[in-house]
Each structure stands twice: as C-alpha cells, then as structure tokens.
Amino acid sequence: MTESRDQRRLLVIGIDGGTFDLLDPLMRRGVMPNLAAVVARGFRATLRSTIPPNSAAAWATFVTGKNPGRHGVLRFQATRPTAEAGREFRPGAYTLLSSESIAGPRIWDILGHAGRRVAVINVPMTYPPRPLNGVMITGLLTPPEARDFTWPPELADSLPGYQIEQPLAAMGFSAEADRELVRASLDILRIQGETALRLLRQEPWDFFFVCFTGTDRLQHRLWGYLEELMEERKGDTGKKQNRSDLSDSSDLSDWSPLHDPSDLPDSKYFLRRLEHYYRLLDEAIGRLLAAAGGTVNCLILSDHGFGPAPERAVYRRVLARYLGLEAGEGVGGFHSVRAWLERRGILDGDRLRRLLAGTPLRRLLSRLSRFAVRKEHEAWRSSRAYLVVLHKYIGGVGINLPPDSPDYAPLCQSLIERLKAVCDPDTGDPIVTEVWRREEIYRGPRVPVCPDIIFRLDLRYGLSHGDSPGGRLVQPKTFRSRGIHRDEGILLAAGPDIVHGVGGKAPAIADVTATALYLLDAAIPSDMDGTVVADAISPAYRAEHPVRIEPASEEPVSPDMAGARWRSARDEDAVAEQLRDLGYLD
Ligand SMILES: [Zn+2]
C-alpha cells in the first residue's frame, strides 16, 4: 500500500576527510570505541570519491546522488570565469559558489517532498538555506558573521555562540596558529556535537544528516602528527628511516616520528590534543547513535580520504607555458602581489601570508591588485585554452572554443598528448598518470561548465599556484598543508537492515545517496547516478523492498552556474579568505 508510510528512519554522519588509514589504527588503539562497535556489528567499505576528490564536488555529489556533470560543482569556485555583464571580478575571476549553484534537488528535498521530516546540519554549500521540511544549520561557505544560517530562520535564536567553521585567527601558519586551530576545533566539535544531539532528541525526523568537518581542517594542517598517532609498535624493522626520539615527550617515546621532529614542533602537545579530538568525535558519534536508538539505520561516510602532501611541486604557470597555454587561473588580488614579490625574490609567499594573515593590509592589497585580476581575465579571453587547478593532484584544461568548431578536436588531442608527455626533468618519471576528455568521466547538462580535459598527477607531485623561483617546472617543496586528500574515503553502516560484512567492490559516493533513499523506502529518481549498495543490506529488507525508480523531475537544468548572491562584498571576501586559508582557494 503506497499510503502506509514506512516508519524506518536513517541517521547519516559525515566525517569530512575520514580515512581508514587513520581511523583503523585509532579504533585498534581504543581511541574510537563507538566507531569500532559499528564496524564490529555492521558493514564497511572503502568509498570512492569524485574526480576531483575535493569537499565541494564530493558533498555536492552525495547530496544530489549525481555526478558533477549534472550538479556542476567541481570545486568551491566556478571553473569558467563569470566576468560577463560588467561583474566585478572578486575575489578572482572565478565566482564563489553557494547552495544556489548546485543543480537539482538534494536528498532532503526529495524526502521532504515525500512527506518525510529531515534535519541537516553543517553540510558544506548549504548557505543560503532554502526552505525544507525540517531543520537546517548551514555549513562551510557560510559568511562568518551571517545570522541567516538556519532553517527555519528563528532556529538561529536558540543557537547563541554556534560556530560553523574555525575562526580566521586559527588560520595563520605557525605553531601558535596550529595550537589555536586545535583549540578552536575542539570547541567547535563540542558545540556541534551537543547541538546535533539536542536537535536529534527534540526534532521529529526521518532523515538526520550531520557533517563533522573539523577532521578535514586538522588533517590538512597536522597530518604529520596524525601519522605518528597511526604508528603502531612494530619493532625496529619498520619502514621509518628518519627514526629519532621525541625530545620533549618521555611518555610517548616509543612512537617513531615519520619526519624530522623539527618539522613537528610541540609533538607532545599536538599528539595529546589530536587524540583527544578523535576521542571526542567518537563520543559525539556514540551519543548520536545511542539517542537515535537500535531501530534506526545509520550510515557514516566521508567525502574523500587523506594522505601525506606531495614533496614535489609542479608549478601551474610553468606547466601552462609548457603546454602552450595561458595560466588562466584567476590569481586573486593578494596572490598577484605575492607572485610579483616571489618572482623578484623579495619575499616567499608563505612568509608574507604569515605576516599579513587577517590584517587590514592584506585586504588592502587584495583591493589594490584587482587590476591584475582584470589583466589576467583579458589574457584568459584571448587564449585558446587555460589551466585550472581542481585539487592538488587533479587539474583541468578549459578550451575557449565551441566543441563543434573544426579546431576543437585537434587542439584537444594535441593537449592530451602533451599532458601525457609531461615528465619530471630531474628523474624522467612521468608526472601525469591519467588524462580524460570530460565526456569520459562526466555526463549531464552541466558537462559544458566542466574543463574540457581533466588530468591526474602521480601522488608524489602537487600543483602549486605560486611562481617557480627559477622558472623550473618541478621543484622540491614543502606545501602549506601537511596532508592532502585521497580518492579513498570510508563507508560504514549499521542497523536493523544492515548486514555484518566488508564490501568487496568500493562503492561510489552517489551510491550512498541511492542507498539512503532505499533504506527509507523512498523511490530513487531516474537521473541519479548512484545504485543501491546491495551487499550492505539484509536479505530480509531486500526481499520486502524492491528498489523503486521514479521518473526524474522535468525541471530543466540551466547549464550555467549560478554564482552566490552574497549580501555584501564583505561577506564574499570573508568567505573567500576562509577558503583560502583552508587551502581551497589560492
Ligand atoms: Zn572534504
């Protein structure tokens, strides 16, 4: 009977950047007993992230169940300049995206439309909030001082002091800023965990989705320390070569550091606090699971995995010249100045960042050098193709020709060949491991906004925005982030309709969306790209619930990306600065 509403409910917990490489050792060491209990009774699988594996593309894929060719999000900015109609180029030539930029209904829209109540907390790219059948607290890309970060709007009144993201004070590049990041992350985790628990208990819901993103922030900046937390006692035959003792940590002395300790100041402090962070995260997850109760199915997923940063930089501008292209990427104001200073050897960019982080001078520099952005945009317009960075090891080439132009296919082919031939001048090793035409990996109405060619670097290399000091294509470099993303994320599931086991074939993120709908006995729209992760689900549930596919909504999708309609330039600058400091904008 279609009227008989299924009473099943679903709790979804997002761990941004969650990876078994870190979580498994933490579970084994007893730091995350609640997560270990989920593994012990439930289902686990490695989850394949999107191409590119960044939070924007991956969470947009989870919330829509669609590939980037349909929702259009490849990163937190557009990938083609949106400088028409006299739009001022801020903070670069590439507009920042918002909730309005994602094409198609979100999973909570689909469920709400079917009469199910939803709660959505801290999911990136949900600002500005749109009406939904339940409650929402927006996530990353919410302007830091925004008051309109909830649905319904009055929910914000009951959340005094709520924090969505780390304050900019935690964003410099120094041991002190790292300490501030850890302190702020612990505070935010506490606030968000308590708020989620309160809403889970108070609100009626069928679908409850909370995303914890502090893991990503900490892992970017402090991955080296986390590698030490991952180390298990394996005697002296381990793989470590730079083995040395932590001078300041007698009680931790049997952890062997991967790096020279001078790279990881205050190890004792950070190891303790980081372990504490994951312990608190596990407690928050445990409380949510307990409050939801044993009749609720639960999915825990990450948007991408994590691993150490590469040690060699491939300089974007040099690579562009090597390919015969314009560099293309809008160098925001600050970066134009930085690049100019770097080229002249006056200052290294990271030092300048540290000196100016959060100061009015930095904002002033941004404004003064908007001229440079305009210049860059003019160069972009006159170039046949341009290079775009989508993640450290994923790049794109946009072609400024319509695909039906006679020159398009030969240009595309020659660029693909040139990309495949890019080698490290020092070793002769190939740098680019895979090259795709966009149609090979994306499909849907927004393929035209994707760069025409997408390529992947060997993980030993990372694309760098800065200018190469000697004009060299490749140089050893210590990236600002000690950790960067990986394709391999996590999927855990537990509950009355979930089997105990390990997934064989790694599902993709969109498969989790289809699985979430299926576990709520909702129909799956026909334009979703995911399929149900059947080997996670009990034979009894599958026998009673055939997968239902329903025709997708007829609403046409505009191929153009809508930029965020920021309330003020100040809001946009603040969000851009936050993204920059998270390493998402450069
Ligand atoms: Zn992420």
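Residues numbered from 1 in each chain as written. Predicted model: local features only at pLDDT ≥ 70, side-chain atom pairs only at ≥ 80, totals over all residues.

**Observations concerning the overall build of the protein**
The secondary structure content of the protein amounts to 18 helices and 20 strands. Counting across all 586 residues of the protein, residues that qualify as buried make up 50%. By sequence separation, contacts in the protein at least 24 residues apart represent 73% of the contacts at least 6 residues apart. (Helix = DSSP H or I, 4+ residues; strand = E, 2+ residues; numbered from the N terminus. Buried ≥ 20, exposed ≤ 12 C-beta atoms within 10 Å, placed from the backbone. Contact = placed C-beta atoms within 7 Å.)

**Notes on helix α6 (residues 175-202)**
Residues spaced three or four apart along an α-helix point in a common direction, a consequence of the helix completing one turn every 3.6 residues. Between its first and last C-alpha atoms α6 spans 40 Å; for 28 residues at 1.5 Å apiece the expected length is 40 Å, and the two agree. Within α6, the full set of buried residues consists of D178, L181, V182, S185, I188, L189, Q192, A196, L199 and L200. Those residues of α6 hidden inside the fold are in contact with β3 (118-123), β4 (134-138), β6 (207-212), α7 (214-230) and α8 (267-292). (Expected span 1.5 Å × (residues − 1).)

**Topic: the pairing of strand β14 (residues 461-464)**
Side chains Y461 and L463 project from β14 onto one buried face, and the interleaved G462 and S464 project onto a second face that is buried too. When strand β9 (residues 312-315) meets β14, the two strands line up parallel, connected through four bridges. Bridging from a neighbouring strand, Y315 pairs with S464 of β14. (Pairing = 2+ DSSP bridges.)

**A word on the sheet that holds strand β7 (residues 297-301)**
Taken in spatial order, the nine strands make up an open sheet running β5-β4-β3-β6-β1-β7-β17-β2-β18, and their pairing is mixed. Edge positions in the sheet fall to β5 (150-151) and β18 (501-502), since each has one partner strand and no second. As paired strands, β3 and β6 are joined by four bridges and run parallel to one another. Bridge pairing in β6 places I121 opposite V210. Contacting β1 (10-15), β6 and β7, α8 runs over the sheet at an angle of about 170° to β1. Sitting on the sheet, helix α16 (residues 509-519) touches β1, β2 (43-48), β7 and β17 (488-494), and the angle it makes with β7 is about 170°. (Axes fitted to C-alpha atoms, helices over the stretch in contact; angles between N-to-C directions.)

**Describing the environment of V575**
With respect to the helices and strands, the residue V575 is situated in helix α18 (residues 569-581). Leave out the neighbours within four places in its chain, and V575 touches L96, L141 and P143.

**A word on the sheet that holds strand β15 (residues 474-476)**
Remark on secondary structure: sheet strands pair via backbone hydrogen bonds, oriented parallel or antiparallel. Reading across the sheet, the three strands line up as β14-β9-β15 and stay open at both edges, with mixed pairing between neighbours. Each having just a single partner strand, β14 and β15 make up the two edges of the open sheet. Pairwise comparison of adjacent strand axes, ignoring direction, gives a mean angle of 35° for this sheet.

**With respect to the packing of α7 against α8**
Think of two packed helices as two axes; the pair is described by the angle between the axes and how far apart they sit. Close contact between α7 and α8 brings their axes to 10 Å; oriented N to C, the two are set at 120°. When the axis of α7 is compared with that of α8, the two are oblique. The chirality of how α7 crosses α8 is left-handed. The segment α7 lies against α8, with T215, L218, L222, Y225, L226, E228 and L229 engaging S267, F270, L271, L274, E275, Y277 and L281. Class assignment of the residues belonging to the contact of α7 with α8 gives a composition of ten nonpolar, two polar and two charged. (Parallel < 35°, antiparallel > 145°, perpendicular 65-115°, else oblique. Left-handed = near helix turned anticlockwise from the far one by under 90°. Nonpolar A, V, L, I, M, F, W, Y, C, P; charged D, E, K, R; others polar.)

**Structural notes on the packing of α6 against α7**
Contact pair α6 / α7: the axes reach a minimum separation of 10 Å and the direction vectors enclose 165°. Classified by the interaxial angle, the pair formed by α6 and α7 is roughly antiparallel. In this structure, the crossing between α6 and α7 has a hand that is left-handed. The residues of α7 that touch α6, namely those facing D178, L181, V182, S185, I188 and L189, are G214, R217, L218, R221 and L222. When grouped by side-chain class, the residues that make up the contact of α6 with α7 number six nonpolar, two polar and three charged.

**Thoughts on the confidence of the model for the protein**
Residues at a pLDDT of 70 or more form 78% of the protein, whose mean pLDDT is 83. A low-confidence stretch, residues 1-5 stays under pLDDT 50, and its non-local contacts, those more than four residues away or across chains, total zero contacts. Segment residues 330-336: pLDDT under 50, and 35 contacts once partners within four positions in sequence are set aside and those in other chains are kept. (pLDDT = per-residue confidence, 0-100.)

**Quick look at unusual backbone geometry**
Cis rather than trans, the peptide bond between I51 and P52 has omega equal to 0°. Here the residue pair W151 and P152 is connected by a cis peptide bond, since its omega of -5° sits within 30 degrees of zero. Residue position: P152 is located in the loop between β5 and α6. At L141, a residue that is not glycine, the phi angle is positive and equals roughly 90°. By secondary structure assignment, the location of L141 is in the loop between β4 and β5. A count of 26 C-beta atoms within 10 Å places L141 in the buried class. Positive phi is not limited to glycine here, since D521 has a value of about 55°.

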